[in-house]
Structures are given as C-alpha cells and as structure tokens.
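# A closer look at the structure
The lines below spell out each chain.
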Amino acid sequence: MSDYSVVGKSLPRVDAVAKVTGAAEYAADVKLPNVLYGKILRSPHAHARIVRVDTRRAEQLPGVEAVITYKDLPQPSGAGRPIFAQGKVRFAGEAVAAVAASSPEVAQDALDLIEVEYAVLPAVMDPLEAMQPGAPLIHEELKTAVTVDGVEYVNISDHSHDREGNVDRAFARADAVVENTFHLSVVHQCYLEPHAAVASVAPTGKITVWTTTQGHFWTLEGMAKILGVPMTQINVVPTTIGGGFGGKCEAMLEPIAVLLARRAGKPVKIVMTRVEEMLAATPAPRCVIDMKSAARKDGTLTARQARIIWDTGAYAGGGGGGVDLVRGPYRVPNVKVEAFSVYTNKTNPGAYRAPSVPQVAFAYESQMDMLARELGIDPVAFRLKNLKDNRDFAENGKPPRIAVAFKETLQKAAEMAGWGQQTPRQRDRGTPDRKPQGQPSSGHGVGSQRSVVGVKRRGMGVAVGPWSNWAGPSSCVVSINEDGTVKHFSGAVDLTGSDTVLAQIVAEELGVPIESVLVVTGDTDSAPYAAVSGGSRITYGQGAVARAAAREAKERLLKLAAEQLGVKPRQLDTKDGKVFVKRDPKRSMTFSELGRISLWSGNGPIVGRASIAELPSPPVIAAQIAEVEVDTETGFVKLLRLIATQDVGFAINPMACEGQIQGGAVQGVGWALYEGIQYDNNGVVNRSFLDYLLPTAMDAPPVEVGLVELNAPDGPFGAKGIGEPPIIPTLAAIANAIADATGVHITDLPITPERIVTAMSSTSARSGGASRSPRRTARPTGK
C-alpha cells in the first residue's frame with residue numbers, strides 16, 4: 001500500500017470547484033433556444049376510471065403549443081408502469097396528460113383547463129388488506145389471484161417460496177425461539193435535485209435528451225421501447241446529477257418531454273416539483289415481515305422462517321425474497337421463505353441503496369439481539385459465533401477465491417465503540433431538572449430535547465449488514481494525448497465522486513499525477529457502454545476496466561519508448577509522466593514526447609481499451625454500533641454516537657470511502673427514527689419536506705468510520721464496492737440500542753417517541769409493535 005503514489009490517498013474530488021461555485025450544469029440548467037416548459041396533469045384520485053379527457057380549452061390558451069395524452073403514445077407501454085394512465089388511474093399522482101407552453105405559469109394554467117371526468121373507485125393502501133379476498137382489484141385485466149394453503153389471495157404481482165433444510169424440526173428442538181412481525185414504511189430517496197429532462201427533436205427525427213439519470217444507456221433503452229424508435233435515433237446526454245440513491249434509474253419524464261417536443265416542433269423542459277416527487281417517483285417499498293428464528297443454548301443458530309409482504313404499488317416494482325436474503329451473513333442450516341409482492345394504490349417502488357436488504361436485515365438483526373438476550377449471550381459474541389467465514393464460501397472442498405472479513409469487521413466496530421466497557425448504571429441518568437440540549441429541529445430526536453421531568457437512559461446496539469457487488473457491463477477507453485495528458489472516456493455517470501476514483505486508478509497505473517488525467521462521461525452516441533451507476537459497481541466494475549484500459553495503453557507506451565531508447569519494454573517503467581530505464585533512470589522520455597511521436601510512427605496514437613460483462617461478486621459486510629439516550633417519559637431519542645465499519649477491499653480514496661459510509665449511515669438514521677410516507681385513501685399525506693421528516697445536521701450524530709481492507713482479487717488494486725452496505729445495519733443497530741436502553745424492542749419503523757412511550761407503557765409481551773427485552777447487565781467484548 002505504501003508503494004502507491006495516487007491510490008490509497010485521500011484526494012479532493014475532481015469536480016469540487018465546479019460543484020461549490022455553481023459551474024456544474026444540472027438538467028434544469030440546460031438552456032436551448034425557443035425552449036418550452038412542460039407540465040404534467042396528475043390524477044387527484046388514488047383509484048378511478050377515466051370517463052373522459054377534454055383538452056380543447058387548454059389547446060386554445062395563448063402560449064400553449066402542445067397537449068398530449070395516452071392517445072399520443074406510439075405504442076402500448078406494456079405490463080409495466082405506463083407513461084400516461086390508460087382508462088384507469090391507479091394512484092394519486094399518476095400522469096393523465098401533459099402540456100408544453102411558453103412559460104411554466106402558462107403551462108400550469110393550461111393544466112387547469114383540461115377537463116377530466118373520473119368515476120372514483122374504492123382504493124386500498126395497505127398490502128395486507130389488498131391481498132385479502134374481496135379487496136378492490138388494481139388490475140382487473142391481469143391474473144393476480146394466487147391460492148396458498150387453501151386461501152385465494154388477490155392483487156398479487158409476484159409470489160415465491162424457497163426453503164432449505166427442515167425448519168419445523170429445528171424449531172421443535174430449539175432452546176430459544178423468537179417470533180415477531182416487522183413493519184417498515186415507504187421511504188423516499190430524497191435526492192435534492194428532482195427529476196428533470198430537456199428534449200429536442202430535429203427535423204430529421206433525431207432525438208436528443210438531456211436528463212438527470214444514473215445510467216443514460218438504460219434510459220436510452222427504455223425510451224426506444226416506449227417511443228418505438230431505433231436506439232440510434234436517440235441520443236441521451238447525462239447532466240450533473242444531484243443525488244439518486246437508486247431513484248433515477250428509469251425513464252420517467254424523458255418520453256413525455258420528447259412527445260411534447262415532437263408535437264410542438266420546439267425543445268421542451270420538464271422539472272418535477274417536490275410534491276410530484278413524493279406522489280409519483282419510485283421510493284423504497286413498504287414491507288411487512290413475519291419472522292421466526294431459533295437457536296440452541298450454546299448460541300448456534302438453527303432455523304429461520306420468514307413471510308415477506310412487499311407493497312409493489314400500482315405497478316410491479318421492488319421486493320423479492322429468497323433463502324440467502326433471509327439467512328443474511330450467518331450460518332443458518334434450516335430456512336424457509338415465502339414472499340408476496342402486492343399491488344396497492346400507490347406509486348410503484350424502485351431501488352433505494354441496497355434494495356430489499358435493509359428491510360429484511362432490520363428483522364433478522366433485531367431477532368439476533370432478542371435471541372442473544374434470551375440465551376444470556378453477548379450480542380457481539382452471538383454474532384461472531386454464527387457469522388460465515390472463508391469455510392462457508394469454499395467450493396468442492398477447495399479454498400474460496402474470494403476471502404471474507406465478516407468477523408474482522410464486526411470486531412473492529414466493537415473495539416472502536418468500547419463495547420463492554422460501560423455498565424447499565426453508568427448509562428442511566430435520572431435528570432428531573434436537566435435542561436434541553438440543542439434546539440428543536442425536525443420535531444423529535446437529536447436536537448429536539450425539551451425540558452421535561454424524566455429519566456434519560458442510555459443503550460448501545462449492534463447490527464451487521466451483508467452485500468454483494470455487481471460489476472458490469474462496463475467498458476472504457478484510455479488515451480494519451482500529445483501533450484502527455486491522459487483521457488479516460490466512458491459512459492459511467494459520476495453519482496458519488498467516482499470520477500475522482502477513476503482518475504486515481506488511471507493515474508496510478510500509468511504513473512502520472514492525477515492532475516494529468518481527465519475523466520469524461522460521454523453521451524450515448526459517443527461513449528462506450530456502461531451500466532447504471534448503482535449496485536456499488538462503479539469503483540469495482542468500472543474501476544477494473546479503467547485499470548485494464550490504462551494497462552493496455554501503458555503497454556503500447558512502453559513498446560514505443562523501447563523502440564526509441566533501444567531497450568526492451570520489460571526494462572522500462574513509468575513515474576511522474578516519464579518512461580525511464582529501470583537500471584538507468586536518467587535515460588527517459590516524457591509522455592508528451594512519446595505522445596507526439598505516436599501520431600506519426602509505430603502503431604499510431606496510444607489508446608487502451610477494455611470491457612467486461614461481469615466479475616465475480618465479492619461478499620461485503622458493514623457493521624455498526626449505535627449509542628442512544630432515551631427519555632423514558634417523552635420517548636425522545638438522542639443518537640449520541642454511530643460507529644460504522646466496513647470491508648472496502650482497498651480504499652482507493654479513504655476520504656471518499658468515509659464519506660460514502662457516513663452518508664449511507666445517516667440515511668439509515670432517517671429510516672430508523674424519522675422517515676415514512678404517510679397515506680390516506682386519497683394518497684400521500686406528507687407531500688413536502690415540511691411534513692416528511694428527515695434527519696437534519698442537528699439530528700445526525702458523529703459517524704466514526706473504520707475501514708477494513710481485505711483485498712478483492714478482481715477489484716482494482718483489491719477494491720470492493722462501498723456505496724450500498726452502509727445503510728443496511730443502521731436500522732437495527734438503532735432499534736437494538738433503544739431496546740437496550742428501555743427494555744422494549746420496537747418492531748415498527750420509524751421508531752417515533754409515540755411508539756416508544758406506547759411500548760414502554762404496555763404490560764403485555766407484544767403490544768404497540770414491541771417485544772419485551774430485559775436489559776443486559778454486562779457486556780463482554782465478544783472476541
């Protein structure tokens with residue numbers, strides 16, 4: 001590690017100046033001559049038949065140049081979410097029509113003039129209600145009935161079941177069994193930049209779209225299918241993106257902007273409002289999990305059973321369930337899983353940082369603590385006993401190619417947190433006259449403690465979260481210019497500062513300063529293909545092809561230099577933008593000299609290319625320990641510390657790694673304590689950030705990061721993906737800390753003060769979404 005010059009260093013982002021000065025161009029900043037402004041008419045009803053749509057008055061309004069509905073779509077949208085509702089709206093906020101006008105104000109006035117007659121139908125928001133016989137059908141045209149154990153369920157988008165071993169026998173023989181129901185809310189990604197797109201259609205029919213997207217090649221594919229045109233007729237230009245977290249992977253506004261532009265003969269810009277984002281984007285799905293876990297008295301896990309109900313909204317979206325998802329990172333020999341995806345009258349969900357895993361991990365990590373307490377075993381020691389290690393990844397008795405650091409990552413978190421060094425007496429503080437700390441922010445949690453009479457009790461909770469990298473498909477080109485500078489060219493969108501990491505990889509491989517490397521993301525007409533920026537894949541997959549392409553360019557560079565210096569390529573090396581003879585470093589040539597020579601001799605310009613379809617997926621884990629202070633009278637929770645460790649393989653940029661882990665963990669804080677879209681029969685209730693609570697700067701705790709570096713053989717310099725694991729353990733770590741402080745385990749998220757007070761006042765074992773948990777009296781280190 002110490003031999004590296006560029007990788008392994010905490011270097012500032014290459015786009016930092018553009019971001020902080022406002023020079024970076026986002027989709028809403030794109031300015032084209034004669035641009036029109038698009039607006040979308042959305043249904044006010046959660047479920048209704050469309051009797052009539054009359055756009056004539058809107059079309060006659062001065063300044064309006066295009067009005068479209070589902071009738072203007074070139075072909076049916078298929079089984080997925082349609083661009084416009086066709087015959088029926090299935091959620092409040094679904095698009096019904098769109099207009100393009102000379103100003104946003106005129107466009108809004110035009111929407112008000114469109115007459116839509118609805119026949120309102122009964123709506124169903126709860127997936128548990130939606131699947132029951134007799135519930136209103138969301139899709140009468142589809143076969144959505146499934147019979148399980150003699151019961152016919154309806155509105156089922158997908159049903160799966162999986163099992164290994166014999167769970168019934170394992171439960172019967174177990175020394176400890178816990179069984180709970182967990183409820184998790186719909187959670188929005190809350191990127192600061194809303195969806196936006198600008199479309200222009202040339203007289204030749206060539207379409208150009210500027211859009212905020214995590215993957216413009218995916219957007220291209222989706223648009224071509226929706227619009228019924230060849231992919232070569234569309235060019236998608238990715239703009240600087242203001243956050244995505246999985247929520248900007250699909251074509252959403254782009255086809256509407258194109259249809260309006262085609263109709264008007266002018267460019268059209270559409271920017272969603274925050275209300276539209278809350279109504280019609282693709283948030284993480286609601287989830288209900290019935291889970292049962294068992295262990296022997298020596299602390300060995302023996303069985304886990306789960307029934308997972310995913311709320312897939314009005315159209316097929318997120319969800320899923322299998323043995324590996326429910327087993328998590330542990331050895332559990334007997335597992336049984338049944339999963340339903342259920343249609344409801346909500347917008348369909350999409351990806352959000354480690355899709356499906358935070359929800360399921362919240363359930364099994366909560367039960368890990370419950371089992372540990374029932375058996376009288378320290379929660380860290382209980383996890384260490386059951387976590388998988390290299391033996392579990394062996395194939396046919398051979399050592400695994402990819403090593404895992406599950407236990408090392410958890411042990412590092414325990415050491416950083418001082419696990420076991422505090423007793424309950426030290427953690428409890430009766431403070432009847434204590435003044436509040438901080439100022440009110442979002443209404444509860446950190447920064448909103450009020451002067452109350454009560455006992456503030458502290459607790460610590462631990463959880464882990466597994467993930468597996470995705471890599472491809474990925475491709476790129478690395479070229480050396482005649483002035484010695486280097487260009488990395490690909491179709492990978494910089495979502496999280498990945499351009500900096502790619503620049504570091506190329507600079508290290510070639511032996512040039514990072515300042516000499518320019519990372520360029522091209523449009524779909526020019527750039528080599530890259531998959532969506534998601535799945536923790538950019539550093540791992542795109543970084544691997546960046547290094548391979550740089551290596552190929554270096555080989556060509558050394559071959560040319562060898563010809564010029566009269567030596568063999570293996571006798572040469574590179575450093576600081578020079579090629580030199582290893583045994584006589586004074587004999588050298590600069591990259592610029594060789595770059596100029598390459599244009600007129602040898603094999604021409606120095607270019608390296610690389611592409612992959614996929615790479616083996618290295619197991620990754622994150623471990624977190626939360627420390628909280630709970631006011632037992634009001635239920636207010638103050639998050640004091642959050643320790644987050646993660647196996648990153650190799651930290652190409654340690655500062656960037658820490659930032660990713662801190663960001664993911666703070667999003668997990670929102671899931672655990674604050675966030676959730678609320679619904680009534682008319683749809684979303686909390687439609688803005690005034691009502692949708694997020695952790696503010698005053699609410700976010702210090703996040704102390706520890707990096708574990710167990711190299712991945714296929715990752716660049718051993719790196720693994722880091723973007724998604726940090727959010728996975730946070731939910732359960734905080735819930736377990738609250739249980740440690742209060743003796744009550746909350747199984748519904750978010751854990752609001754009201755839920756805490758209700759649970760603590762309950763005398764039954766299961767009331768208010770809670771399970772009783774005796775507090776620990778000691779905390780061994782668990783090593």
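These figures come from a predicted structure and were not determined experimentally.

The rules we used
Residue positions are counted from 1 within each chain, in the order its sequence is given. The predicted nature of this model means local features are confined to residues of pLDDT at least 70 and side-chain atom pairs, given and counted, to a pLDDT of 80 or more, with totals for whole chains, interfaces and linings taken over all residues. Just so you know, side-chain values use all the structure's heavy atoms and leave hydrogens and water out. Only DSSP runs of H or I covering at least 4 residues are called helices, and only runs of E covering at least 2 are called strands; the numbering of each starts at the N terminus. Within these notes, the globule rule equals 2.2 Å times the number of residues to the 0.38 power, and the radius of gyration is based on C-alpha atoms. The rule is simple: take the accessible area with a 1.4 Å probe, protein chains only, and divide by the maximum for that residue type; under 20% is buried, over 50% is exposed, in between is partly exposed. Between two residues, a contact is recorded if the distance between any of their heavy atoms is within 4.5 Å. Here the accessible surface of atoms and residues is derived via Shrake-Rupley with a 1.4 Å probe, and residues count as covered only by protein chains that are part of the display. Take the buried Ala, Val, Leu, Ile, Met, Phe, Trp, Tyr and Cys residues and link them wherever side-chain atoms come within 4.5 Å; each set so joined is a nonpolar core. To get an axis, fit a line to the C-alpha atoms, keeping to the stretch in contact for a helix; angles then go from 0 to 180 degrees between the N-to-C directions. When describing relative orientation, an angle under 35 degrees is termed roughly parallel and one over 145 degrees roughly antiparallel, while 65 to 115 degrees is termed roughly perpendicular and anything else oblique. Rotating anticlockwise by less than a right angle from the far helix to the near helix defines a left-handed crossing, while the corresponding clockwise rotation defines a right-handed one. Here the term charged refers only to Asp, Glu, Lys and Arg, the term nonpolar to Ala, Val, Leu, Ile, Met, Phe, Trp, Tyr, Cys and Pro, and the term polar to all other amino acids, Gly among them. This count recognises Lys and Arg as positive and Asp and Glu as negative, with His and chain-terminal groups excluded. Only one rule defines a salt bridge in this text: a Lys or Arg side-chain nitrogen within 4 Å of an Asp or Glu carboxyl oxygen. Pairs of N or O atoms within 3.5 Å make up the polar contacts considered here, provided that, within protein, one atom can donate a hydrogen while the other can accept it, and that residues adjacent in sequence are counted only when both atoms are side-chain atoms. Geometry of aromatic contacts follows a simple scheme: Phe, Tyr and Trp rings, the Trp one being its six-membered ring, pair when their centres are within 6.5 Å, and the pair is stacked under 30 degrees between planes, edge-to-face over 60, tilted otherwise. Placement of a charge over a ring requires the Lys NZ or Arg CZ to be within 6 Å of the ring centre, with the centre-to-atom vector within 35 degrees of the ring normal. Scored from 0 to 100, pLDDT records how confident the predictor is in each individual residue. Any two strands are treated as partners once DSSP identifies two or more bridges connecting them.

### Topic: the overall build of the protein chain
Helix and strand counts for the protein chain stand at 19 helices and 33 strands. The globule rule puts the C-alpha radius of gyration for 783 residues at 28 Å, and the 28 Å found for the protein chain is close to it. Overall size of the protein chain, expressed as C-alpha extent along the three principal axes, is 85 × 75 × 55 Å. Burial analysis of the protein chain (783 residues in total) assigns 59% to the buried set. Counting only contacts in the protein chain whose residues sit at least 6 apart along the sequence, the fraction spanning at least 24 positions is 80%. Only carbon and sulfur atoms are counted for the fraction: they give 51% of the accessible area of the protein chain, which is about 30000 Å².

### Examining the nonpolar core
Counting 102 residues, the largest nonpolar core has I289, M291, I308, F382, I625, L673 and I738 as its most contacted members. Counting residues per element, this core draws most heavily on helix α10 (residues 357-375), at eleven residues. Dropping the residues within four chain positions of it, I308 is found in contact with C287, V288, I289, G320, V326, V337, E338, A339, F340 and V360. Listed in part, the 41 residues of the second largest apolar core include I480, L557, L560 and A719.

### What to know about the packing of helix α14 (residues 498-510) against helix α15 (residues 538-565)
One can describe the packing of α14 onto α15 by two numbers: an axis separation of 9 Å at closest approach and a directional angle of 30°. Between α14 and α15, the angle falls in the class roughly parallel. Helix-helix and strand crossings are classified by hand; for α14 and α15 the assignment is right-handed. Counted together, S498, V501, L502, I505, V506, E509 and L510 of α14 and I538, T539, Q542, G543, A546, R547, A550, R551, A553 and K554 of α15 form the full contact between these two elements. Across the contact of α14 with α15, the residue classes break down as nine nonpolar, four polar and four charged.

### Regarding the side chain of E675
Along the chain, E675 turns up in the loop between α17 (654-673) and β29 (679-680). Among buried Asp, Glu, Lys and Arg side chains, E675 stands out as unpaired, with R274 the closest opposite charge at 10 Å. Separated by 2.6 Å, the side chains of E675 and Y692 make a polar contact. Other than its neighbours up to four places away in sequence, E675 contacts S185, V187, H188, C190, Q667, G670, Y692, L693, L694, P695 and P750.

### Overview of the packing of aromatic side chains
For any pair of aromatic rings, geometry is given as the distance between the ring centres together with the angle between the planes. Tallying each qualifying case throughout the model produces nine aromatic pairs. Considering the side-chain rings of Y4 and F717, the 5.2 Å spacing of their centres and the 75° angle between planes classify their relative orientation as edge-to-face. Taken together, the residues Y4 in the segment before α1 (16-21) and F717 in the loop between β31 (703-708) and α18 (730-742) connect sequence positions 713 residues apart. Relative to F362, the ring of F182 lies with its centre 5.6 Å away and its plane at 80°, an arrangement referred to as edge-to-face. Remark: F362 occurs in helix α10 and F182 occurs in strand β10 (residues 176-184); sequence separation between them is 180 residues. Across this residue pair, the class does not change: F182 and F362 are buried. An aromatic cluster of at least three residues, connected via ring pairs, comprises Y4, F650 and F717. Geometry around F171 places K292 over its ring, the cationic atom sitting 4.4 Å from the centre.

### Some details on the environment of A119
Residue placement: A119 occurs in strand β6 (residues 115-120). Overall, A119 belongs to the partly exposed group, its relative accessible area being 31%. Separated by 70 residues in sequence, A119 and R49 have C-alpha atoms that sit 5.0 Å apart.

### A few points about the environment of G723
The topology assignment puts G723 in the loop between β31 and α18. Measuring from C-alpha to C-alpha, the distance between G723 and Q624 comes to 15 Å, with 99 residues separating the pair along the chain.

### Quick notes on the confidence of the model for the protein chain
Averaged over all residues, the pLDDT of the protein chain equals 92, while 92% of them reach at least 70. Here residues 430-453 is a poorly scored stretch, pLDDT under 50, and it has 67 contacts once near neighbours within four places are set aside; other chains count. Taken as a whole, residues 774-783 scores under 50 in pLDDT and shows 38 contacts with residues more than four places along the chain or in a different chain.

### Topic: the sheet that holds strand β3 (residues 64-69)
Strand pairing in a sheet takes place through backbone hydrogen bonds and is either antiparallel or parallel in direction. Across the sheet, which stays open at both edges, the seven strands sit in the order β3-β5-β1-β14-β11-β12-β13 with mixed pairing between neighbours. Two strands in the sheet have a free side with no partner beyond their single neighbour: β3 and β13 (234-238). Averaged over all neighbouring strand pairs, the angle between strand axes comes to 20°, with direction disregarded. Here five bridges tie strand β11 (residues 196-201) to strand β12 (residues 207-211), and the two strands are oriented antiparallel to one another. Note on β12: the bridge partner recorded for A199 is V209.

### Some points on the sheet that holds strand β20 (residues 474-480)
Pairing is mixed in the open sheet, where four strands are placed in the order β22-β21-β20-β26. Since the sheet does not close on itself, it has two edges, and those belong to β22 (517-521) and β26 (607-612), each with one partner. Averaged over all adjacent pairs, the angle separating strand axes in this sheet is 15°, with direction ignored. In the sheet, β20 pairs with β26 via six bridges, with the strands oriented antiparallel. Residue pairing for β26: S479 is matched across the bridge by V607.

### Overview of the packing of helix α6 (residues 216-227) against helix α7 (residues 254-264)
The contact between α6 and α7 brings their axes to 10 Å, and the two run at 50°. By the angle between their directions, the pair α6 and α7 is classed as oblique. Two packed elements cross with a definite hand, and for α6 against α7 that hand is right-handed. On α7, the residues touching T219, M223, I226 and L227 of α6 are E254, P255, V258 and L259. Along the lines of polarity and charge, the residues of the contact of α6 with α7 split into six nonpolar, one polar and one charged.

### Quick word on unusual backbone geometry
Residue P473 follows G472 across a cis peptide bond; omega there is 0°. On the secondary structure map, P473 appears in the loop between β19 (455-468) and β20. Across the junction of L749 and P750, the peptide omega takes the value 0°, indicating a cis bond. With respect to the secondary-structure elements, P750 resides in the loop between β32 (744-746) and α19 (753-761). Of note in the backbone geometry, A354 takes a positive phi value of approximately 65° without being a glycine. Note that A354 resides in the loop between β17 (334-343) and α10.

### Some remarks on the pattern of salt bridges
Under the criterion given, the structure shown has 36 salt bridges. We note a salt bridge from K88 to E140, for which the minimum N-O separation is 2.8 Å. In this pair, K88 sits in strand β4 (residues 88-89) while E140 sits in the loop between α4 (127-130) and β7 (146-148), placing the two residues 52 residues apart along the sequence. Its relative accessible area of 38% is what places E140 among the partly exposed residues. When the shortest N-O distance is used, the salt bridge between D369 and R383 registers 2.9 Å. Of the two residues, D369 is situated in helix α10 and R383 in helix α11 (residues 379-386); the sequence distance between them amounts to 14 residues. It is possible to trace a salt-bridge network through shared partners that takes in R52, D54, R56, R57, E115 and E117.

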